[in-house]
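Reading the structure
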Amino acid sequence: MAENKWSMTVPEAVDQNFGEDAIIPCTFTTPYPYYRHDITAIWQTKWQVIYRCVSKGNLSESGHNCTESTGHYSLSGDPRRHNISLRIKNVLFVDAERYFCRVELDKQGDAYETSTGTILNIRAVPQTLDSIYIQTLPSGEQFVTCDVKGTPPPTVTWIIPENMNASLVSVQSGFAGASSSIPANLPNTNYTCQIHGKNGLQNRSIYFSGAQKQQQQIPLILLIIFVILSGVFFVLFVVTLAVLYKKGKEHTHHLSIVLKDCLLCTRDIIIQNTSEDFCAFSNAAADYGQLGCEHNSRTSPFLGSDMQLPGLKKLSRASKAGSKENMTPRMGVLSAEGPASRKQDGWLGK
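Conventions and cut-offs
- Residues numbered from 1 in each chain as written.
- Predicted model: local features only at pLDDT ≥ 70, side-chain atom pairs only at ≥ 80, totals over all residues.
- Heavy atoms only, no water.
- Helix = DSSP H or I, 4+ residues; strand = E, 2+ residues; numbered from the N terminus.
- Polar contact = N/O pair within 3.5 Å; in protein donor to acceptor, adjacent residues only side chain to side chain.
- Pairing = 2+ DSSP bridges.
- Axes fitted to C-alpha atoms, helices over the stretch in contact; angles between N-to-C directions.
- Core = buried A, V, L, I, M, F, W, Y, C linked by side-chain atoms within 4.5 Å.
- Buried < 20%, exposed > 50% of the residue type's maximum accessible area, 1.4 Å probe, protein only.
- Contact = heavy atoms within 4.5 Å.
- pLDDT = per-residue confidence, 0-100.

Remarks on the side chain of Gln142
Relative to the helices and strands, Gln142 is located in strand β13 (residues 142-149). Here the side chain of Gln142 touches Thr136 through a polar contact of 3.1 Å, side chain to side chain.

Remarks on the sheet that holds strand β16 (residues 177-183)
Across the sheet, which stays open at both edges, the four strands sit in the order β12-β13-β16-β15 with antiparallel pairing between neighbours. Sheet topology places β12 (128-136) and β15 (170-173) at the edges, where each strand pairs with a single neighbour. Across the sheet, the axes of successive neighbouring strands diverge by a mean angle of 20°, strand direction being ignored. Inspection of the sheet shows β15 paired to β16 by four bridges, in the antiparallel sense. The residue bridging Gln172 from the neighbouring strand is Ser179, located in β16.

What to know about the nonpolar core
Ranked by internal contacts, the top residues of the largest apolar core, which has 30 residues, are Trp43 and Ile84. Elements with a minimum of two residues in this core: β3 (22-24), β5 (39-44), β6 (49-55), β7 (73-75), β8 (86-88), β9 (98-105) and β11 (118-123). Beyond its immediate sequence surroundings of up to four residues, Ile84 is in contact with Cys26, Phe28, Ala41, Trp43, Leu75, Pro79, Cys101, Arg102 and Val103. In terms of nonpolar packing, the next biggest core, distinct from the first, is built from 15 residues, Val144, Cys146, Trp158 and Tyr191 among them.

Section: the confidence of the model for the protein chain
Considering every residue of the protein chain, the mean pLDDT works out to 75; 66% of them sit at 70 or more. Across residues 213-217, confidence stays below pLDDT 50; counting only partners more than four residues off in sequence or on other chains, it has three contacts. When the criterion is pLDDT under 50, residues 288-350 qualifies, and its contacts beyond four places in sequence or with other chains add up to 85 contacts.

Here we look at unusual backbone geometry
Across the junction of Thr151 and Pro152, the peptide omega takes the value -5°, indicating a cis bond. Structurally, Pro152 is set in the loop between β13 and β14 (156-160). With an omega of 0°, the peptide bond running from Ile160 to Pro161 counts as cis. The phi angle at His82 is positive, at roughly 60°, despite the residue not being glycine. Turning to its location among the elements, His82 is positioned in the loop between β7 and β8. Even without glycine at this site, Asn90 takes up a positive phi of about 50°. For Asn90, the location among the structural elements is in the loop between β8 and β9. Classification of Asn90 as partly exposed rests on a relative accessible area of 24%.

Written out as structure tokens, the structure is:
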């Protein structure tokens, strides 16, 4: 293929089996090795244009850039790489034609096409019995299926089981092939299908033992998955309980410390206030020559070894005299009423 000038390379003919995809090659060169503008690819028969697409030079512009299919036809090559080969899907006998490829550039009149074209030959597919197998549906139903090929597809006959009801036979046909299926409902049976093709009589067989093996696999898998998930959830549950228990224990310990501190503080306040009140009363009585009060180191058997209770001791005569001469009662009630009132009220006795 020469460069820097117009040229186009195509085969004289392409042979393809009926019902298969056919590709008709077409490559080209242009006088512009660095061309970056639009390229139009065109395919036509002797009678009409069957395919046309534009490969945009500016990718921001709208356009399918020759990547989309028009149904029966699509582009197999890339115009930017000088390839505009045509793909024909599921060729039929009516597709046996002579095809021409053409390239047009952005500049008006700058185009090139083949003059000879390419002939597409469609070959008939020999009639053959391709395969037989057991098919299992998601619902659990099972079928025995025979696949055949040919142009046209041959007719399948089921030999075993005998006298098969035609309503139970399911047939799917294509361009050059077909499938015939019947329910697999007879365990320990040798199913056999047969065709009468151009190459003579053909048959295939398969032994069906039963459906128990296929049906037991699904529950076993589900059981394994259930056991694994149960184990995972159990571990997560135990870990969650352990974390909550640890947090609760720490919170309870902290709360007990706080409560203990509060009780100790309350106890100290009560003891202190009780001691002060008792001493105030005792000192008031001492002013009248009775008993004096002071704190000693005697401990209380009820409040603990670290608690002190007020003790009493008799005052000396000198202290009494000094107290009478310089009497300044500490309690307002005693100073106002004097000893007579004390006797009447029964405070101290004689």
